Amino acid sequence: MHGRQLVFLLMLSVARGQVNMDFDSVTRFFDEAGTLASNNYPDGYMVNFLETFVINPPGFESVCLEFTDFSINTASFQADHVAVFDGCRSDTDDTLLGRFTGTTPPTGVVCSSSNLLTVVFRSNTRDVAAGFNASWTAVNGPSPLLTGETGMFTSPNYPGNYPNFAAATYVICVPDNCQGIQLDFTDFDVERFGGLGAADALIVYNGTVQDSILG
């Protein structure tokens, strides 16, 4: 199954003579790249809302998520928040990759250790904000997430020839105190024309958004 599937569950409970509505939603994604957003983004999410996004593209080794816009209310005692899990959601936080709130988008890219990543958004019963927007990309290949201030990576089987139909994705995530990333190629030899006339290619993106091509 491809695309996205949306399931809504409406739960009603009676407390002190009033009816409280708690909307729960689960959205599943199976595509190798896409975007997700909180409900009603950017016009303000619903109160008392539990929203789960499950990203599970088949045939990939990791899923990398980047927040492109972020405005979550923190005014109340129990602040609204977004939690990202490596794999399935865990109530014990043993698979928690990060919990985020506030009005500044989390920096960097969050990557899972498999092709399953779960995002959970919870709002309380009080004030709301615009919400969030994020993009994800499914990746293959060794060490898809590269961290640290310096490092190096190679194409598959380098310095030997890379295999036919090879596909590898690398995500470089530097510390917050870095101003940017400088990428230098020390050796470069790719096939210009294949048997079907299509050239092999290396593409560099600004972040994980696939329409932000740097070269």
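Quick notes on the rules
- Residues numbered from 1 in each chain as written.
- Predicted model: local features only at pLDDT ≥ 70, side-chain atom pairs only at ≥ 80, totals over all residues.
- Heavy atoms only, no water.
- Core = buried A, V, L, I, M, F, W, Y, C linked by side-chain atoms within 4.5 Å.
- Buried < 20%, exposed > 50% of the residue type's maximum accessible area, 1.4 Å probe, protein only.
- Helix = DSSP H or I, 4+ residues; strand = E, 2+ residues; numbered from the N terminus.
- Contact = heavy atoms within 4.5 Å.
- Disulfide = S-S within 2.5 Å.
- Pairing = 2+ DSSP bridges.

Within an unreviewed UniProt entry, the label attached to the chain reads CUB domain-containing protein, and the organism entered is Batillaria attramentaria.

A short note on the nonpolar core
With 21 residues, the main nonpolar core has Leu36, Ile55, Leu65, Phe67, Val82, Val84 and Phe132 as its most contacted residues. The dominant element in this core, judged by the number of residues it contributes, is strand E5 (residues 62–71), at four residues. For isoleucine 55, the residues in contact, after removing those within four places along its chain, are Phe29, Leu36, Val63, Leu65, Asn115, Leu116, Leu117 and Trp136. Within the second largest apolar cluster, five residues are counted, among which are Cys64, Cys111, Val139 and Val171.

Observations concerning the state of the cysteines
A complete count under the given rule lists one disulfide for this structure. At a sulfur-sulfur separation of 2.1 Å, the disulfide partner of cysteine 64 is cysteine 111. In this structure, the disulfide formed by cysteine 64 and cysteine 111 twists by about 110° around the S-S bond and is classed as right-handed. Taken together, the residues span a long stretch of sequence, with cysteine 64 in strand E5 and cysteine 111 in strand E8 (residues 110–111) at a distance of 47 residues. An identical accessibility class is assigned to cysteine 64 and cysteine 111; each is buried.

Focus: the pairing of E5
Counted residue by residue, E5 has eight buried out of ten residues, so it is predominantly covered. Of the pairings in the sheet, the one linking E5 to strand E10 (residues 131–139) comprises nine bridges and is antiparallel in character. Within the sheet, the bridge partner assigned to glutamate 66 lies in E10 and is serine 135. Across two bridges, E5 lies against E8 in antiparallel orientation. Paired with cysteine 64 across the two strands is cysteine 111, which belongs to E8.

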